[in-house]
Amino acid sequence: MKATPPAVSATPTAPRAPGISWVPIAAFCFLWSSAFAAAKIAVRDCPPLTLLTIRFLIAGALMLGIAAAGRQGKLPSRRDVMSLILLGVLNNALYLGLSWTGMTTVSSAFTAVLISTNPLLIGVLAGPVLGESLSWRKLAGLCLGLAGVALVLRSRLSGMQEDMHGTLLVTGGLVALVAGTLLYKRLKPSAGLWTSTGIQSLAGAVALLPFALMHESLGDARLTASLVWSMAYMIVAVSMGGYYLWFMILGRASATSASALHFLMPPLGLLFGWLVLREPVSWLDLLGIVPIAFGIWLTTRKAA
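Residues numbered from 1 in each chain as written. Predicted model: local features only at pLDDT ≥ 70, side-chain atom pairs only at ≥ 80, totals over all residues. Heavy atoms only, no water.

(A) Region of interest: a nonpolar patch on the surface. Side chains of Ile-54, Leu-57, Ile-58, Leu-62 and Leu-218 sit close together on the surface and give an oily, nonpolar patch of about 430 Å² of accessible area. By the secondary structure assignment, Ile-54 is in helix H2 (residues 48-69). (Patch = residues over 30% accessible without salt bridge, like charges linked within 9 Å, V, L, I, M, F, W, Y side chains within 5 Å. Areas by Shrake-Rupley, 256 points an atom, 1.4 Å probe, with all protein chains shown as cover. Salt bridge = Lys/Arg side-chain N within 4 Å of Asp/Glu carboxyl O. Helix = DSSP H or I, 4+ residues; strand = E, 2+ residues; numbered from the N terminus.)

This is the structure:
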């Protein structure tokens, strides 16, 4: 979404995340999952595309300012800049633009659950796209995680608790996130993390701006305390902290192992939705946590 940040390595990565302690992983999971509840609060007072455009502009400017102040490495090459612009459109504009627009009609917990299915798609595609091996252990873990997510989805969709149009928009955001993750590993930009994350954030703002101007009105926004605080949280904690940690983990781990962390988003997303927004949680939601947790353990644990 921080010491001089390490540049993303251009060398092939190991099958799991060597040298990454549980602290940045836990911080990433906390920040990433909390973003859904914060976004749900913010879109009550400001149209989603306008909100995201402002968020990306501020966050991108701050991150590039930090990179310049810290003299973080050399200037990115033209190839890196073009790669990061493409990644910014996928990871910021399309992923969050579609999922936030969908979240105006579906719950934040449901959005977190649906987005968390991305590890299975990445696990299947990482082989042909990145050459990563998919062992039986990883495949079993991904399937268990998906089974847990399906339990939560079934309890919500069968009871018609969620809007179908909003569900399709969030699904589009999921596809963009999967594509952005695979391309990040494929393109391997060598710019420092503050620089690369800042460029992606600004690219997302530029891509969203015309759509925000065409489909939304700034007059629909209400400057409330909840909007200001949720926006500040998403800029500092999520765009700067969460995305920084995500790309750091993704740069050091395989795409399959790194993305498996997203299976933690359903239980954490449900928790934040219940704590912050008082969204209902059923016993099927809680039951789905069991295969999710075991699936993550299978997918990310070191082979004997």
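(B) Highlighting the pattern of salt bridges. Considering all chains together, one arrives at 2 salt bridges under this definition. For Arg-222, the salt bridge identified is with Asp-45, shortest N-O distance 2.4 Å. Within this pair, whereas Arg-222 is found in the loop between helix H8 (193-215) and helix H9 (225-252), its partner Asp-45 is found in the loop between helix H1 (22-42) and H2, the two being separated by 177 residues in sequence. We classify Arg-222 as partly exposed; its relative accessible area is 47%. Overall, the relative accessible area of 6% leaves Asp-45 in the buried class. For Arg-79, the salt bridge goes to Asp-80, with nearest N and O atoms at 3.6 Å. (Buried < 20%, exposed > 50% of the residue type's maximum accessible area, 1.4 Å probe, protein only.)

(C) Examining the packing of aromatic side chains more closely. Following the criterion strictly, the structure yields 4 aromatic pairs and no others. Relative to Trp-246, the ring of Phe-28 lies with its centre 5.4 Å away and its plane at 20 degrees, an arrangement referred to as stacked. Taken together, the residues Phe-28 in helix H1 and Trp-246 in helix H9 connect sequence positions 218 residues apart. The two residues Phe-28 and Trp-246 agree in class, both being buried. Between Trp-194 and Tyr-244 the ring centres are 4.7 Å apart and the planes differ by 40 degrees, which places this aromatic pair in the tilted class. Of this pair, Trp-194 sits in helix H8 while Tyr-244 sits in helix H9, and the two are 50 residues apart along the sequence. Assigned by exposure class, Trp-194 and Tyr-244 land together as buried. Ring pairing ties together the aromatic residues Tyr-184, Tyr-243 and Phe-247, which thus form one cluster. (Phe/Tyr/Trp six-rings, centres within 6.5 Å; stacked < 30°, edge-to-face > 60°.)

(D) Region of interest: the nonpolar core. Core analysis: the biggest nonpolar cluster contains 64 residues, and Leu-51, Tyr-95, Trp-100 and Met-234 have the highest contact counts within it. Among the elements that take part in this core, H9 stands out by supplying 15 residues, more than any other. If we skip the residues at most four places from it in the chain, Trp-100 touches Ala-39, Val-43, Pro-48, Leu-51, Leu-52, Arg-55 and Met-234. (Core = buried A, V, L, I, M, F, W, Y, C linked by side-chain atoms within 4.5 Å. Contact = heavy atoms within 4.5 Å.)

(E) The arrangement of the confidence of the model for the chain in detail. Mean pLDDT over the chain works out to 79, with 78% of the residues at or above the 70 mark. Between residues 1-19, whose pLDDT stays under 50, and residues either more than four places distant or in other chains, the model counts 55 contacts. (pLDDT = per-residue confidence, 0-100.)

(F) Just the packing of helix H7 (residues 164-187) against H9, in detail. As a packed pair, H7 and H9 sit with axes 10 Å apart at the nearest point and diverge in direction by 55 degrees. Taken together, the axis directions place H7 and H9 in an arrangement best described as oblique. Crossing angle aside, the handedness with which H7 passes H9 is right-handed. Together, Thr-181, Tyr-184 and Lys-185 of H7 and Trp-246, Phe-247, Leu-250 and Gly-251 of H9 make up the contact between the two elements. (Axes fitted to C-alpha atoms, helices over the stretch in contact; angles between N-to-C directions. Parallel < 35°, antiparallel > 145°, perpendicular 65-115°, else oblique. Left-handed = near helix turned anticlockwise from the far one by under 90°.)

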